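Spelled out, the chains give:
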Amino acid sequence: MQVVNLTVKFKKKAILKNINLKITQPEIIGLVAPNGTGKTTLLRTIAGLIQPNEGSVSIEGTTVYEDRETYYKKMYYVESNHTLYSNLNGKDHLSYVKSVWKSSIDVEEVIRKLGISDYIHKPIKKLSLGMKQHILLAMCIVSDADVILLDEPMNGLDPTSMKVISKYIKEMKKNNKIFMISSHILSNIDTISDKVLFLKDGNIVCTIESQKDGESSENVYDKLYGTEEE
Ligand SMILES: Nc1ncnc2c1ncn2[C@@H]1O[C@H](COP(=O)(O)OP(=O)(O)O)[C@@H](O)[C@H]1O
Ligand SMILES: [Mg+2]
């Protein structure tokens, strides 16, 4: 996936300024910044939902504006659990994703592996937040997309659910997936990320390679944004 000279403005204000990014291998990328910085804007632009003022995003050389169908086959974007249909159940959602993404993934096996069979036939409106996040993750797996974008997937989750979700994301990376996961809370994602990108004033101002860099990511967060992490 490649992001080249990406600029996005709302009215006249640039929210993203000339962002460049190249991801060439399966990786879990954390995208961190305080609320209102532009994380969702960046993910939505990569997802083809916001047209950039300048620059482009491509996956294996294809942009959404050149070949929408090919692009969307390779990408899965989870904005929030509000995108789930409250009267449908989890199984309906998984069948829908399988058919639209023309995926060969075995839905029953995903349900078994994620341990969601107890509530997969209940309507979404009867599920807890953690259960809904599991359904969303199952949908990513079923899509079999190469690039998976998750906007604040840990929001509102208890530590146990966070650990479970983290474990599955790590496991899925082994299947050659690129993940980009945003959070305004660094500690929610820095342990699962291979790299953490820090966004500030419209730019990626710092990239930490979680395993290699000596400086802890908390120190970087504090330096960039002050210590008031929520
Ligand atoms: N559709 C829009 N129209 C105008 N301004 C927007 C729109 N979407 C986001 N913004 C503004 O862009 C900035 C970044 O928002 P966002 O990407 O949602 O940040 P984050 O996800 O990091 O919290 C904010 O100042 C927000 O008010
Ligand atoms: Mg956001």
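About the thresholds
Residues numbered from 1 in each chain as written. Chains lettered and ligands numbered in written order. Predicted model: local features only at pLDDT ≥ 70, side-chain atom pairs only at ≥ 80, totals over all residues. Heavy atoms only, no water. Near = heavy atom within 4 Å. Polar contact = N/O pair within 3.5 Å; in protein donor to acceptor, adjacent residues only side chain to side chain. Areas by Shrake-Rupley, 256 points an atom, 1.4 Å probe, with all protein chains shown as cover. Helix = DSSP H or I, 4+ residues; strand = E, 2+ residues; numbered from the N terminus. Nonpolar A, V, L, I, M, F, W, Y, C, P; charged D, E, K, R; others polar. Contact = heavy atoms within 4.5 Å. Salt bridge = Lys/Arg side-chain N within 4 Å of Asp/Glu carboxyl O. Buried < 20%, exposed > 50% of the residue type's maximum accessible area, 1.4 Å probe, protein only.

A. Inspection of the site of ligand 1 at higher detail. Close to ligand 1 lie Phe 10, Ile 15, Pro 34, Asn 35, Gly 36, Thr 37, Gly 38, Lys 39, Thr 40 and Thr 41. Here Thr 40 contributes a side-chain N or O atom positioned 2.8 Å from an oxygen atom of ligand 1. Compared with its free state, where it exposes 560 Å², ligand 1 has 55% of that area covered by protein. The dominant element in the shell around ligand 1, judged by the number of residues it contributes, is helix H1 (residues 39–46), at 3 residues. Here the shell around ligand 1 is built from residues that sort into 3 nonpolar, 6 polar and 1 charged.

B. Region of the structure containing the side chain of Gln 133. Mapped onto the elements, Gln 133 comes out in helix H5 (residues 129–143). Ignoring sequence-local partners within four residues, the contact set of Gln 133 consists of Asn 81, Glu 152, Pro 153, Met 154, Asn 155, Leu 157 and Ile 165.

C. Seen up close, the pattern of salt bridges. Tallied over the entire structure, the rule returns 8 salt bridges. Across the salt bridge formed by Glu 27 and Lys 195, the nearest N and O atoms sit 3.5 Å from each other. Residue Glu 27 is found in strand S3 (residues 27–32), and its partner Lys 195 is found in strand S8 (residues 195–200); the two are separated by 168 residues along the sequence. For Glu 27, a relative accessible area of 6% gives the class buried. Here Lys 195 falls in the buried class, since its relative accessible area comes to 16%. Glu 79 is paired through a salt bridge with Arg 44; the nearest N and O atoms lie 2.7 Å apart. Here the residue Glu 79 occupies a position in the loop between strand S5 (75–78) and helix H3 (90–100), and Arg 44 occupies one in helix H1, the gap between them amounting to 35 residues. Relative accessible area serves as the criterion here: at 25%, Glu 79 is assigned to the partly exposed category.

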